[in-house]
Amino acid sequence: MTLPDACVFCLVSGCLLLLLLPATRGCPKSCVCIRRSDGLDVSCSHARLRAVPSDIPADTVLLRLDHNLIDAVPDRAFRGLARLRELNLSHNAVETLGEGALRGVESTLRTLDLSHNRISRVHRDAFARLHARVLIGDNPWHCDCTLQQALRVMAHNHEAAGRVRCHSSPLLDHREGQPFLTMDADLCNLAKRTTDYAMLVTMFGWFAMVVSYVVYYVRQNQEDARRHLEYLKSLPSKAPGRPEETEDASTAV
Ligand SMILES: *[C@@H]1O[C@H](CO)[C@@H](O)[C@H](O)[C@H]1NC(C)=O
């Protein structure tokens, strides 16, 4: 190999290395990555992270994000992590979870830990496509129809619903800290019933107005008819059936 040849070789291999680098991205800042036989364990616990890192390696199978300051999980936050099996977001400040937050990892995820956060509401379909074991306890849940719907689609996941304690609820007699499962009220029907009542009251109001108008109209007409009749009765003597009287009168004159 001549000197220029060696240079070309170096250049080409350097370029190849640069091209390959993004595919085998390094470990995200303030995380520890450990290679296992089936993929990468990425551990970012206690790292004061305020958001989900955007440079998580694609072959991550276990992602620990617990004990951070993450307050939101944006849509498709974990896209590209086609092998992610376990996601631990416990002990963060997550407030809501959008419909598309777990888009892309729904089919592979086996465990999702969202416990000890600040979640009070989730989208109705937030967990719809998950096959994972989901931990959602120790959050200030607002127990309403939407939550009932979100949990209903996880029928395979009794554990999830079992640990939900209500922080607030549209039910008036609800006590704070009540487990969700013991609230056997159908919260969706409750909402529906309330609107039904409002509808009923409005309809009754309209009906009452129409009826009173009809009654008033009929009364008024009756009065008119009676007066008309009296007027007809009071008309003098052209009335049929008493012709003699008229004759009598005329002869008397
Ligand atoms: C998630 O992390 C917390 C804190 O380290 C731990 O207690 C919990 O067991 C983990 N969750 C799962 C499902 O392993």
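The structure we're discussing is the one just above.
Worth saying up front: this structure is predicted, and the values here are computed from it rather than measured.

A.B. asks: Just checking my understanding: could you explain the side chain of S90 for this structure?
C.D. replies: Note that S90 resides in the loop between β4 (86-88) and β5 (96-97). By relative accessible area, which is 6% here, S90 ends up buried. Residues contacting S90, with those up to four places away along its chain left out, are D66, H67, D113, S115, H116 and N117.

A.B. asks: Would you explain the pattern of salt bridges in this entry?
C.D. replies: Pairing of side chains with opposite charge becomes possible as their charged atoms draw close. With the rule as written, the count across this model stands at ten salt bridges. Note that D41 and R36 form a salt bridge whose closest N and O atoms lie 2.8 Å from each other. Residue classification places D41 among the buried residues on the basis of a relative accessible area of 8%. The exposure class of R36 is partly exposed, given its relative accessible area of 43%.

A.B. asks: How should the pairing of strand β2 (residues 39-43) be read in this particular structure?
C.D. replies: The side chains of a regular strand alternate, first on one face of the sheet and then on the other. Buried residues dominate β2, accounting for four of its five residues. In textbook terms, the turn of a hairpin is the stretch between consecutive antiparallel strands, and for strand β1 (residues 32-36) and β2 this stretch comprises two residues. Pairing of β2 with strand β3 (residues 60-64) involves four bridges; the strand directions are parallel. If you follow S43 over to β3, its bridge partner there is R64.

Each value, and the rule that gives it
- Residues take numbers from 1 onward in each chain, read along the sequence in its written order.
- Residue-level local features of this predicted model are given only where pLDDT is at least 70; pairs of side-chain atoms are given and counted only at 80 or more, and the full residue set underlies all totals for whole chains, interfaces and linings.
- Water and hydrogen atoms play no part in the side-chain values, which are based on all heavy atoms of the structure.
- Secondary structure elements are taken from DSSP: a helix is a run of H or I of four residues or more, a strand is a run of E of two residues or more, and numbering for both begins at the N terminus.
- Buried, partly exposed and exposed residues are distinguished by accessible area as a fraction of the type maximum, computed with a 1.4 Å probe on protein chains only: under 20%, between the cut-offs, and over 50%, respectively.
- Contacts are assigned to residue pairs with any non-hydrogen atoms lying within 4.5 Å of each other.
- Salt bridge, as applied in this entry: a Lys or Arg side-chain nitrogen positioned within 4 Å of an Asp or Glu carboxyl oxygen.
- Note on pairing: two strands pair once DSSP finds at least 2 bridges between them.

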